[in-house]
Each structure stands twice: as structure tokens, then as C-alpha cells.
Amino acid sequence: MNSPTRRRVAEDKSWVLAPLMELPHVIHAAVISGDGFIEGASPGLQRDSGEGVAAMMSALQGAGRAVTAAFAGKDDTRLRQTVIESDEGFVFAIPAGENTCLAVFAGPEVNMGVVAHHMQIQVTTLGNKVMNSPARDTGNPV
């Protein structure tokens, strides 16, 4: 009998969102894996909503890369930022390491430049933390 494949449990990365949540007009934020899972979410983001956001953001990031690659005629296109504007406000998404993105939802009054700048700072902070973390003990003898 085969055992089901399990997804690796990722470390909760919600800590990286706290400074973003302090910005005026920011409503929600999340760290999302490329395969559509939440790796961290702001306190007010309901679980069902967060899971939906993660799945849709994963698809949107893939579509963004595909559209850009088609327009540019280059298959190795990397996204730097995705912005969605609606009557309800803005969604910002930027890559946050390998196969991960940072997403923020803010009201229509938000200063877009301030949010984008602080997102870059938090991505750098996240990258530094991940790169400086000691390797996890897997419990296997060496």
C-alpha cells in the first residue's frame, strides 16, 4: 500500500507581514507558495479567504509570467511585481524567494509607492532570515 504524498510543512512566515499591516490603508497580507498554499497570513484574513487568495495568486502569477513571456517573446521572463486595481482597492504581489510571493491588499486611498517599497524591504528581511537560519535537524543520524 502506498502512503499519500504529503506536502512539506513550511515555517509560518506571518512575522514578515507585521510591518506591512502598520501601513495606512493596508487591509490584509499573505506569504504564498507557488503551489498555492498560505505560508503566512495577516491576523484578520479568514482561513477560507486566505486559501482562496493563495490558489488564485498562484494561478495569477503563472498567467502573468506566461503573458509577459508571450509579449516579450522570451520564455525565461521573471515577474517583478503584479498589481491589480479594483473599486475595493489594490492587490500587490512580488516574488519573495524561490517559489514564493508576498501579497498585500490595500484600500483605494493607499500610497502605492510606499507599499511597494515596504514590501521590498520585507522580502529582503525574509530572505536574510531564511539564508541565515541554521539547517533543521531532521532527526536522522549522520
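Residues numbered from 1 in each chain as written. Predicted model: local features only at pLDDT ≥ 70, side-chain atom pairs only at ≥ 80, totals over all residues. Heavy atoms only, no water.

If you check an unreviewed UniProt entry, the chain appears there as Roadblock/LC7 domain-containing protein from Streptomyces mooreae.

Asks: Describe the environment of Gln 120, and please don't skip the residues or the numbers.
Replies: Considering the arrangement of structural elements, one finds Gln 120 in helix H3 (residues 112-132). Put simply, Gln 120 and Pro 95 are 25 residues apart on the chain and 9.2 Å apart in space, counted from C-alpha to C-alpha. (Helix = DSSP H or I, 4+ residues; strand = E, 2+ residues; numbered from the N terminus.)

Asks: Mind laying out the sheet that holds strand E2 (residues 38-41), listing which residues take part and the relevant values?
Replies: Overall, antiparallel pairing links the five strands, which are arranged E2-E1-E5-E4-E3 in an open sheet. On the outer flanks of this sheet lie E2 and strand E3 (82-86), each paired with one strand and no other. The average undirected angle you get between the axes of adjacent strands in this sheet is 15°. Bridge count for strand E1 (residues 26-33) against E2 is three bridges, and the pairing is antiparallel. Note that in E2 the partner of Ala 30 across the bridge is Ala 41. The sheet strands contacting helix H2 (residues 47-72) are E1, E2, E3, strand E4 (89-95) and strand E5 (100-106), and the helix crosses E1 at an angle near 65°. (Pairing = 2+ DSSP bridges. Axes fitted to C-alpha atoms, helices over the stretch in contact; angles between N-to-C directions. Contact = heavy atoms within 4.5 Å.)

Asks: Describe H2, listing the residues and the values that go with them.
Replies: Along an α-helix, residues three or four positions apart point the same way, because every turn accommodates 3.6 residues. A rise of 1.5 Å per residue sets the reference length of H2, with its 26 residues, at 38 Å; its end C-alpha atoms lie 37 Å apart and thus fit the reference within 8%. Along H2, the residues that are buried comprise Gly 50, Ala 54, Met 57, Ser 58, Gln 61, Gly 64 and Ala 69. On its buried face, H2 is in contact with E1, E2, E3, E4 and E5. Looking one or two places after H2, you find Gly 73, whose phi comes out positive at around 70°. (Expected span 1.5 Å × (residues − 1). Buried < 20%, exposed > 50% of the residue type's maximum accessible area, 1.4 Å probe, protein only.)

Asks: So what about unusual backbone geometry? Which residues, and what values?
Replies: The phi dihedral of His 25 falls on the positive side, at around 75°, and the residue is not glycine. Inspection of the secondary structure puts His 25 in the loop between helix H1 (18-21) and E1. You will see that Asn 99, though not glycine, has its phi angle at about 60°, which is positive. Given a relative accessible area of 52%, Asn 99 falls into the exposed group.

Asks: Pulling in residues and values, what's your account of the environment of Gly 52?
Replies: Within the element layout of this structure, Gly 52 appears in helix H2. When the C-alpha positions of Gly 52 and Ile 38 are compared, they lie 9.5 Å apart, and in sequence the two are 14 residues distant.

Asks: Provide a residue-level description of the pairing of E4, including the pertinent values.
Replies: In terms of residue burial, E4 counts as a mostly covered element, since five of its seven residues are buried. Direction of pairing for E3 relative to E4: antiparallel, over a ladder of five bridges. Bridge assignment links Ile 84 to a residue of E4, and that residue is Val 91. Where E3 hands over to E4, the hairpin turn is made up of two residues, counted between the paired strands. Linking two consecutive strands that pair antiparallel, namely E4 and E5, is a turn of four residues; a positive phi of about 110° is found at Gly 97 within it.

Asks: Lay out the nonpolar core with the relevant residues and their values.
Replies: Membership of the largest hydrophobic core comes to 19 residues, with the highest contact counts inside it found for Leu 17, Leu 20, Phe 92, Leu 102, Val 104, Val 115 and Met 119. Of all the secondary structure elements, the ones that give two or more residues to this core are E1, E4, E5 and H3. With four residues, H3 is the single largest residue contributor to this core. Leave out the neighbours within four places in its chain, and Leu 20 touches Val 26, Leu 102, Val 104, His 118, Met 119 and Gln 122. Ile 32, Met 57, Ala 93 and Ala 103 belong to the second-largest nonpolar core, a separate cluster that totals eight residues. (Core = buried A, V, L, I, M, F, W, Y, C linked by side-chain atoms within 4.5 Å.)

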